[in-house]
Amino acid sequence: MTTTTVLHGPERHEPLAGDVWSEGAARAAIERWVAVALTDFDHAGGWRAHPREDGGPPGEPLCELYGGAGGAIWALEHLAEAGAVHKRWDFRSFVAGLAAKQVAALADSRHGTAAFLIGESGLRLLEWKLTRDAAVARRLFEVVEGNLHNPVREQLWGSSGSVLAAIAMAEHTGEARWVALVQRAVQGLWDEMEPIEAAGGTWGWVQNLYGRVETLIGAGHGFVGNAYPAVRGAAFITPELRDTFAARALAFLQATALRNGDCVNWWPRVPPLSLTNKPPLVQDCHGAAGIVCRLAPLPRSVPDAETWDLLLLQAGELTWRAGPLAKGVAFCHGTAGNAHAFLHLFARTGDERWLARARAFAMHGIVQVEQERTAHGQGRHTLWTGDLGMACVLWDCISGRPGFPTLDCF
């Protein structure tokens, strides 16, 4: 086990600055951000990209779920369906062309075009949700099946991401073909595991990502993202397979943990590129917060549940002590994702302290969104990187349960 006294970089975080929790303020922020998003929507192109968004020429509309129109529409539909706002919109004609546009945009990608958050599978799932078109479902099946053995072995591009679309379809339809596809995908992930010498010989995955062959740990690109389908899709696999995934995950995370007192965190990779690097990240894609978000839903019936409880609570404690992320609200790498981790700990433990912490971060997120809008003169109408993702987390803080679209619910 690796030990360290430095579990996060204080320069990446900032003190809480929001008001005390107010459901009224949370509802008002959601309604305000949704109204501006709808005003800014262009029926031909969607939303112009925020200056801080990656993925294309500055200002050019993006299609993807992660930082583009697909995710924005999913967020708006989710908030309307949940009752957070009281109006529905018809995006069916607009989403019909999103997947093809995104496939064209990814034509030069070395890792294919099937990705869930930034590729075709997520956009096809969104299109099917809005249209229930059988042809769209057939194409989605082909896309997910064709990505089963992507050698990237991580969630952003690989099978552990695109299988989330199959899990969604299995839940929505109950059809045997989707259940079988989920089972094949999860079994395939299991079969690709290997002993990782740098992690004490525990079992994990080797990523082949962007020309680098390495073992990553976190939810965005690494081990935890690959284990997540066995958690999220547990209803479609055997309890024995779920439990063996959980056992390997616990062994790997214990072997790679960085500890200090009652807190724990992880480097992005094992071994770290250099021990002189900046301290580990504390956000959804890398570090403690994402590990909580993906693995806290494990049922307490799995073996070593008390060990899991301690590990997850220590990761949550580190996330709280680090404070909100200074880079903004993005669910992937900002305050929204870390607030979401606290919601999962509340769901797991029933301890009201975690709900209060989630709400404190959410109120800080309101301040961050408004500051960002003032600085850039526009909203960031995205799910995983911007205002609408924060709106979804605010709604979860009102309801008191985690339900982030494209992750907790489909």
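Predicted model only: the values in this text are computed from it and were never measured.

Here helix 2 (residues 69–82) crosses helix 5 (residues 120–131) at 35°, and the two axes come no closer than 10 Å. For helix 2 against helix 5, the interelement crossing comes out left-handed. Here helix 2 contributes G70, I73, W74 and E77 to the contact with helix 5, which in turn contributes G122, L123, L125, L126, K129 and L130.

Attention now moves to the environment of G201. Of note, G201 is situated in the loop between strand 1 (194–196) and strand 2 (202–204). Remark: the alpha-carbon pair of G201 and A255, spanning 54 residues in sequence, is separated by 9.0 Å. Residues within four places of G201 in sequence aside, it is in contact with P195 and I196.

What follows covers the packing of aromatic side chains. Geometry of an aromatic ring pair is reported as the spacing of the ring centres plus the angle between the planes. Within the structure shown, the criterion is met by 16 aromatic pairs. Taken together, a centroid distance of 5.3 Å and an interplanar angle of 90° make the contact between F41 and F91 edge-to-face. Of this pair, F41 sits in the loop between helix 1 (23–40) and helix 2 while F91 is found in the loop between helix 2 and helix 3 (92–95), placing the two residues 50 residues apart along the sequence. Ring centres of F116 and F410 lie 6.5 Å apart, and the angle between their planes is 90°; this geometry places the pair in the edge-to-face category.

Evaluated as defined, the whole model comprises 25 salt bridges. Ionic pairing is found between R321 and D262, a salt bridge with its closest N-O pair at 2.9 Å. Placement of R321 in helix 12 (residues 305–322) and of D262 in the loop between strand 5 (258–260) and strand 6 (263–265) is noted, with a sequence separation of 59 residues between them. Residues R353 and D351 are paired through a salt bridge, measuring 3.4 Å at the closest nitrogen-oxygen approach. Look at D351 and you get partly exposed, because its relative accessible area is 28%. Here the salt bridges share partners, and the residues they tie into one network are E120, R124, E127, R139 and E142.

Further remarks concern empty space enclosed by the protein. Once rolled over the atoms, a probe with the size of a water molecule shows which space is left empty. Tallied over the entire structure, the rule returns two cavities of 30 Å³ or more. By volume, the largest cavity amounts to about 100 Å³. Around the largest cavity, the lining is made up of 14 residues, and of these W47, R48, A49, H381 and T382 lie nearest the centre. Along the lines of polarity and charge, the residues of the lining of the largest cavity split into four nonpolar, seven polar and three charged. Each pocket or cavity is described by its volume, and for the second largest cavity that value is around 30 Å³. As for the second largest cavity, its lining consists of A227, A230, V231, F245, A246, A249, L295 and L298. For the lining of the second largest cavity, the secondary structure elements donating two or more residues are helix 9 (223–232) and helix 10 (239–256). Residues belonging to the lining of the second largest cavity are distributed by class as follows: eight nonpolar, no polar and no charged.

Conventions and cut-offs
- Residues numbered from 1 in each chain as written.
- Predicted model: local features only at pLDDT ≥ 70, side-chain atom pairs only at ≥ 80, totals over all residues.
- Heavy atoms only, no water.
- Axes fitted to C-alpha atoms, helices over the stretch in contact; angles between N-to-C directions.
- Helix = DSSP H or I, 4+ residues; strand = E, 2+ residues; numbered from the N terminus.
- Left-handed = near helix turned anticlockwise from the far one by under 90°.
- Contact = heavy atoms within 4.5 Å.
- Phe/Tyr/Trp six-rings, centres within 6.5 Å; stacked < 30°, edge-to-face > 60°.
- Salt bridge = Lys/Arg side-chain N within 4 Å of Asp/Glu carboxyl O.
- Buried < 20%, exposed > 50% of the residue type's maximum accessible area, 1.4 Å probe, protein only.
- 1 Å grid on protein atoms, 1.4 Å probe; cavity = no way out; pocket = protein on both sides within 12 Å on 5 of 7 lines; lining within 4 Å.
- Points joined across faces, edges and corners; volume = space filled by probe spheres on them.
- Nonpolar A, V, L, I, M, F, W, Y, C, P; charged D, E, K, R; others polar.

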